[in-house]
Amino acid sequence: MSVHVHEQTMIFHLQGPHTSYMMQVAGGYLVHLYWGAKLRDDRNLEGLPNVPNHDNLDQISQEYPQYGNGDFREPAYQIKLADGSRISELKYKGYRVVPGKPKLEGLPAVYAESEEDAETLVIILGDDYSGLTVELSYTVFAEHDAIARSARLINNGSGSLRLLRALSASLDMDIPNYDALYLAGAWSREAHLQRRPLGPGTTAIGSKRGMSGHQLNPFFALVSPQAGEDQGEVFGFSLVYSGNFLAEAEVDPMGKVRVLMGLNPFDFDWQLDAGDSFQTPEAVMVYSAAGLGGMSRTYHKLYRTRLARGMHRDKERPILVNNWEATYFNFNADKIEAIAKTGAELGIELFVLDDGWFGKRNDDTTSLGDWVVDKNKLPGGLRDVAERVNRLGLKFGLWFEPEMISPDSDLYRSHPDWCLHVPGRRRTLARTQSVLDMSRSDVREYLFATLSGIFSSVPIAYVKWDMNRSLTEIGSAAWSAEHQGEIAHRYMLGVYELMERLTAAHPDILFESCASGGGRFDPGMLYYMPQTWTSDDTDSVERLKIQYGTSLVYPVSAMGAHVSAVPNHQVGRFTPLSMRGNVAMSGNFGYELDLTKFSEEEREEVKKQIELYKEVRSLVQQGELYRLISPFETQEASWMFVSQDREEALAFYFKVLAEPFKPTQLLRLKGLDPDLEYEVEGIGVFGGDRLMNAGISFPALTGDYASRVFQIKAVR
Ligand code: DGJ
């Protein structure tokens, strides 16, 4: 890893383990030269095609393009001055190279663990007329083929200006015939893979919901037309942010593709006073010459080890039972204890008490904000129920939805101004709840004191942080008129600040984020909470797609996956316990059903699942993921986990609907050492080369919803 600066030619060359990224100062502009497979740094790098030999800005590949003087494509930023003008022009001013990676003020970001871990190039651009300075940051990593980019916009002028747009990254590339690939969906149908060719004009995804959303994940890749799981070029873009975002690719008439990623400029209007600065979120860009699998493994390792933080980052995650689908709001302390008792007998390690333990919360219409235990359900209080669970040998976890407020709550009655709203306008409810105004420091203080008080007085090992609606009427009673266009972003900054304080004050607690399932499954959340509830859909067939899609970017250690009851509560499907177990074991494993209702036979099967997961969980959670068969293309799905030393692996195979006349199944494995011999449990001993090239065959599975798991171990 290194940052080379060629002072003679003013070429900046960032080298990762296998990638290069290059820029040059030309005509005073910062111009993009190259991003792709690694180039040596010892030859003449000049003359790459993007260097302008003219001054037509519409054909120059600027790294942070402006609006107003001849580049008619989408700009990376836009300002508005007191005189009403909206144009500007950034020229190169200087650079600095910083060992490691500086923190991003108030925002989640990938980090370096030491000065040898990463190196950061900061390039300074300025608009002389307005006094706007822009610092572009580029970090390269010693062990990851990723580049983390962000921008800091500083008002060095004498008056205030308004930021109308401030994206994190912009890049002009010569790949107009590539495909756009992204993750789309809906509540309980998250992360479905979408792929379509780019064409003239714009391909864009984004969110205006105040949260990253179930609908479109803040991830976007450009892939070569033939690129697949193991071959072809892939350029990935992932935004470390949980609110409104935009990612787009614009193909211009000259065949250049401008890729932009960052805060959604829609409804964004930020006042930047003289001397103030604005830090954009970070975009993490990953290049892979080895298809989607290569890209995913880079994101997985980077996000698992340099985005997730805290003492749980590298620890094996507990097997849990959550009472939501078991009881919904209808439980009492004895019921909780009974489920936990069965959990203890089966080998489960953590009990999670979900929604309904506080206020008068017997359904979803009331009490959010009143984080006081409901003594009708839990007469001995939270501490009592936690201790009863602990005495059975399980840790205790608790659900919160801190960002919300029910109109029917004591909190709302005493602070009607604490929710997001616009005076004189209707306050739109969703799930009968409003959203707390997280841009207010008094709201954050209340939440910190209340939650921290509970965390300190009850033996809590795990917190599920839920968030169950999008933001509407985005306005704040605490901010003056000229700041109202800032509230959506200030909301996110407030959430991040609260999460930072709480996780720092309670480092022992394992936090899992959730937003009606995967509504905020994004890198921003993973910085504070190392795992996320992947989807409210717990049906094992639906989960094949959801987990496969989510794994494009996010590590398995981040994905919550539970065995639930049949018929499934979301889709009404009956699938066997074996398939439900195998799908859930491909993530952070748990159960979400009434364990006391298991038959004797089911209990024995569940005990075996739990035993197996305990044996393999470090492999699943910390190993490398290889996707073998996509559930989006066939009635099958398959993936495998390989240990870092390639001594051990675990492969899963799923058959959704049975197909006639299919005598044997053939599965080609990946990621093994071709020179090692492996024992595939129950099948035989084979060379790694044979397993990966010829594959293993096994008897055809019969019946719908069939699955198999293969433990694979190197033998000497
Ligand atoms: C939505 C979550 O995704 C569910 O798991 C559950 O916690 C409910 N909220 C509770 O209201």
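Structure: see above.
Positions within a chain are numbered from 1, following the residues in the order the chain's sequence is written. For a predicted model such as this one, the threshold for reporting local features is a pLDDT of at least 70, and the threshold for listing and counting side-chain atom pairs is 80 or more; totals across whole chains, interfaces and linings nevertheless cover every residue. The side-chain quantities take in all heavy atoms of the structure and omit both hydrogens and water.

(A) Seen up close, the overall build of the protein. Put simply, DSSP H or I for four residues or longer makes a helix, DSSP E for two residues or longer makes a strand, and each gets a number counted from the N terminus. Looking only at helices and strands, the protein features 12 helices and 38 strands. The size measure is the radius of gyration over C-alpha atoms, and the globule rule it meets is 2.2 Å times the number of residues to the 0.38 power. Relative to a compact globule of 716 residues, whose C-alpha radius of gyration would be 27 Å, the protein shows 26 Å and is just as compact. Seen along its three principal axes, the alpha-carbon backbone of the protein occupies a region of about 80 × 70 × 45 Å. Classification of residues uses two cut-offs on accessible area relative to the type maximum, computed with a 1.4 Å probe and protein chains only: under 20% is buried, over 50% is exposed, and between them is partly exposed. For the protein, the proportion of its 716 residues judged to be buried stands at 63%.

(B) Representation of helix α11 (residues 600-622) within the structure. One less than the number of residues in a helix, times 1.5 Å, gives the span that helix is expected to have. Counted at 1.5 Å a residue, the expected span for α11 with its 23 residues is 33 Å, and the 33 Å between its end C-alpha atoms agrees. Here the bend at each residue means the angle between axes fitted to two seven-residue stretches, the one ending at that residue and the one beginning there. The axis of α11 is deflected most strongly, by about 60 degrees, at V616. If you check which residues of α11 are buried, you get R603, V606, Q609, I610, L612, Y613, V616, R617, L619, V620, Q621 and Q622.

(C) Layout of the sheet that holds strand β2 (residues 11-15). DSSP bridges decide pairing: two strands pair if at least two such bridges lie between them. Across the sheet, which stays open at both edges, the four strands sit in the order β1-β2-β3-β4 with antiparallel pairing between neighbours. Both edges of this open sheet fall to β1 (2-6) and β4 (29-37), since each of them pairs with a single strand only. Ignoring which end each strand starts from, the neighbouring axes of this sheet average 15 degrees apart. Bridge count for β2 against strand β3 (residues 19-26) is five bridges, and the pairing is antiparallel. What sits directly across from I11, in β3, is Q24. Axes here refer to lines fitted to C-alpha atoms; in helices the fit is confined to the stretch in contact. Angles between the N-to-C directions go from 0 to 180 degrees.

(D) Summary view of the pattern of salt bridges. Think of a salt bridge as a Lys or Arg side-chain nitrogen and an Asp or Glu carboxyl oxygen that are within 4 Å of each other. Evaluated as defined, the whole model comprises 50 salt bridges. The partner of R388 in a salt bridge is E337, with the nearest N and O atoms 2.5 Å apart. You can see R388 sitting in helix α4 (residues 381-391) and its partner E337 sitting in helix α3 (residues 333-346), a full 51 residues away along the chain. Its relative accessible area of 26% is what places E337 among the partly exposed residues. With a closest N to O distance of 2.9 Å, R361 and D355 form a salt bridge. The class of R361 is buried, set by a relative accessible area of 0%.

(E) Looking closely at the sheet that holds strand β22 (residues 350-353). Spatial strand order, β21-β22-β23-β26-β27-β28-β29-β30: eight strands in a closed barrel with parallel pairing. Pairs of neighbouring strands in the sheet enclose a mean axial angle of 30 degrees, with direction left out of account. The sheet contact formed by strand β21 (residues 320-322) and strand β30 (residues 588-592) spans two bridges and is parallel. Residue pairing across strands places L320 opposite G590, the latter belonging to β30. The contact criterion used throughout is that any non-hydrogen atoms of two residues lie within 4.5 Å. Those strands touched by α4 are β22 and β23 (395-400), and its axis lies near 140 degrees from that of β23. Lying over the sheet, α11 contacts β29 (559-564) and β30, oriented at roughly 150 degrees with respect to β30.

(F) Up close: the site of the ligand. As a matter of local geometry, the ligand sits amid 13 residues, with D354, D355, K464, D466 and D536 nearest to it. Pairing of N or O atoms within 3.5 Å defines a polar contact, subject to two protein rules: one partner must be a possible hydrogen donor and the other a possible acceptor, and residues neighboring in sequence count only if both atoms are side-chain atoms. Separating an oxygen atom of the ligand from a side-chain N or O atom of D354 is a distance of 2.7 Å. At 2.6 Å from an oxygen atom of the ligand is found a side-chain nitrogen or oxygen belonging to D355. Surface accessibility in these figures is a Shrake-Rupley result with a 1.4 Å probe; residues are shielded only by whichever protein chains are displayed. Protein chains bury 98% of the 300 Å² of accessible surface belonging to the ligand in isolation. Charged means Asp, Glu, Lys or Arg here, nonpolar means Ala, Val, Leu, Ile, Met, Phe, Trp, Tyr, Cys or Pro, and polar covers whatever is left, Gly included. Split by residue class, the shell around the ligand holds four nonpolar, three polar and six charged. Definition of nearness: a residue and a molecule or strand are near each other if at least one heavy atom of the residue lies within 4 Å of the molecule or strand.

(G) Molecular detail of the side chain of S564. Relative to the elements of secondary structure, S564 occurs in strand β29. For S564, a relative accessible area of 1% corresponds to the buried category.

(H) Looking closely at the packing of aromatic side chains. Two rings from Phe, Tyr or Trp (for Trp, the six-membered ring) form a pair when their centres are within 6.5 Å of each other. A pair whose planes differ by under 30 degrees is stacked, one over 60 is edge-to-face, and the rest are tilted. Throughout the structure, instances matching the rule amount to 40 aromatic pairs. Seen from their ring centres, W418 and Y446 are 5.7 Å apart, and the 55 degrees between their planes marks the pair as tilted. With W418 in the loop between α5 (410-414) and β25 (434-435) and Y446 in helix α6 (residues 441-457), the pair connects residues that are 28 residues apart, well separated along the chain. Taken together, Y21, W35, Y138, Y178, F235, F237 and Y287 form an aromatic cluster joined through their ring pairs. In this scheme, Lys NZ or Arg CZ marks a charge over a ring once it lies within 6 Å of the ring centre and within 35 degrees of the ring normal. The lysine or arginine in question, K91, covers the ring of Y29, its NZ or CZ lying 4.7 Å from the ring centre. One cation-aromatic arrangement involves R309 over Y527; the distance from NZ or CZ to the ring centre is 3.6 Å.

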